[in-house]
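So the chains spell out like this:
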Amino acid sequence: MKNIVILISGSGSNMAAIAQTAHKEAWQEKFGLRIAAVISNRADAQGLPLAKSLGLATDLLPHRDFASREAFDAALMARIDLHAPQLVVLAGFMRILTSGFVSRYAGRLLNIHPSLLPAFPGLHPHQRALDAGCTVAGATVHQVTVELDHGPILAQAVVPVLAHDTADTLAARVLTQEHLIYPQAIAKLLQK
Ligand code: NHR
Ligand code: GAR
């Protein structure tokens, strides 16, 4: 059995899209893939009750309980390693990870970022795309490397920027595409 661990900080809609695709496409039966756990760094993440409602195991590790990024990442690695995962999936996970964390999961750590990388890495990509006058926007699934939002690209989706878009309306349009490309990219990577 190949285990997937998903890390979240917020609403968890990408996590749910991955879980629903896994279920619909029978990943467990066909590919021996299962979502072993969903871990949040925030107690108030709406994705935690959502994961429970989907029948997934959940875990909470508040980053504020730790004195440093290194200490938080060490504890997070210990929780993740309980599941010996084939893949660690960042799905709206909002803490920058240390090089120790990234190198431990090198080649099996994925992120989705809501911009057309290499444009707009980091925070607030939607507002920055609007401010730059972009006519298209999108999302990128990439391997995580130590340099933020810079790893090898696995999948992208493009959406139009519309005349009266705000960061929120653009984010919502991008998010619908994230829900399609992230499960696809994971399946493609793990079915090999
Ligand atoms: N870690 C590494 N080493 N490399 C990447 O590419 C990473 C990563 C951790 C998270 C997701 C990322 C994104 O897709 C991600 C990619 C958080 C921040 C951030 O500045 C930036 C990028 C991403 C996630 N976080 C603040 C911090 O101090 C906290 C912000 C908050 O809590 O709201 O960690 O965009
Ligand atoms: C998604 O748009 C994801 O791409 C983005 O946050 C949203 C999370 O939504 N990720 C980042 O900005 C990473 N820094 P979700 O919790 O509903 O999946």
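This text goes with the structure placed above it.
Residues numbered from 1 in each chain as written. Chains lettered and ligands numbered in written order. Predicted model: local features only at pLDDT ≥ 70, side-chain atom pairs only at ≥ 80, totals over all residues. Heavy atoms only, no water.

Peer 1: Which residues make up the environment of glycine 122, and what are the values?
Peer 2: Relative to the helices and strands, glycine 122 resides in the loop between strand S5 (109-113) and helix H6 (125-131). Taking C-alpha positions, glycine 122 is 7.0 Å from leucine 148, a pair spaced 26 residues apart along the chain. Ignoring any residue separated from it by four or fewer positions in sequence, one finds glycine 122 in contact with His113, Arg128, Leu148 and Asp149. (Helix = DSSP H or I, 4+ residues; strand = E, 2+ residues; numbered from the N terminus. Contact = heavy atoms within 4.5 Å.)

Peer 1: Which residues make up the site of ligand 1, and what values go with them?
Peer 2: As a structural note, the neighbourhood of ligand 1 is formed by 20 residues, with Arg69, Ile96, Asn111, His113 and Asp149 the closest of them. One nitrogen or oxygen atom from the side chain of arginine 69 is found 2.7 Å from an oxygen atom belonging to ligand 1. Between an oxygen atom of ligand 1 and a side-chain N or O atom of histidine 113, the distance comes to 2.7 Å. Here ligand 1 has 720 Å² of accessible area as a free molecule, and 83% of this is covered by the chains. (Near = heavy atom within 4 Å. Polar contact = N/O pair within 3.5 Å; in protein donor to acceptor, adjacent residues only side chain to side chain. Areas by Shrake-Rupley, 256 points an atom, 1.4 Å probe, with all protein chains shown as cover.)

Peer 1: Explain the nonpolar core to me, and be specific about the residues and the numbers.
Peer 2: By size, the foremost hydrophobic cluster in this structure holds 35 residues, and its most contacted members are Ile4, Ile6, Ile35, Tyr182 and Ile186. Among the elements that line this core, the one with the most residues is helix H7 (residues 167-190), at eight residues. For isoleucine 186, the residues in contact, after removing those within four places along its chain, are Ile4, Ile18, Trp27, Leu87, Val89 and Leu110. Among the nonpolar cores identified, the runner-up in size contains 18 residues, and Leu76, Met77, Phe101 and Val102 belong to it. (Core = buried A, V, L, I, M, F, W, Y, C linked by side-chain atoms within 4.5 Å. Buried < 20%, exposed > 50% of the residue type's maximum accessible area, 1.4 Å probe, protein only.)

Peer 1: Describe the environment of leucine 162, naming the residues involved and giving the relevant values.
Peer 2: Positionally, leucine 162 belongs in the loop between strand S7 (153-160) and H7. Among the residues examined, leucine 162 registers a relative accessible area of 44% and is labelled partly exposed. Along the primary structure leucine 162 and leucine 33 are separated by 129 residues, whereas in three dimensions their C-alpha atoms are 38 Å apart.

Peer 1: Give a detailed account of the site of ligand 2, specifying residues and quantitative values.
Peer 2: What surrounds ligand 2 is the set Ser11, Gly12, Ser13, Asn14, Gly92, Met94, Ile112, Pro114, Leu175 and Glu178. For ligand 2, an oxygen atom lies 2.6 Å from a polar atom in the side chain of serine 13. A distance of 2.9 Å separates an oxygen atom of ligand 2 from a polar atom in the backbone of asparagine 14. Burial of ligand 2 by the protein amounts to 83% of the accessible area it has alone, namely 450 Å². Those elements that provide at least two residues to the shell around ligand 2 are helix H1 (13-24) and H7. Residue composition of the shell around ligand 2, by class: four nonpolar, five polar and one charged. (Nonpolar A, V, L, I, M, F, W, Y, C, P; charged D, E, K, R; others polar.)

Peer 1: Quick rundown of the side chain of serine 115? Include the residues and the values.
Peer 2: Checked against the element boundaries, serine 115 lands in the loop between S5 and H6. Classification of serine 115 by relative accessible area gives buried; the value is 3%. Residue contacts for serine 115: discarding those within four places in its chain leaves Phe120, Pro125, Gly138, Ala139 and Thr140.

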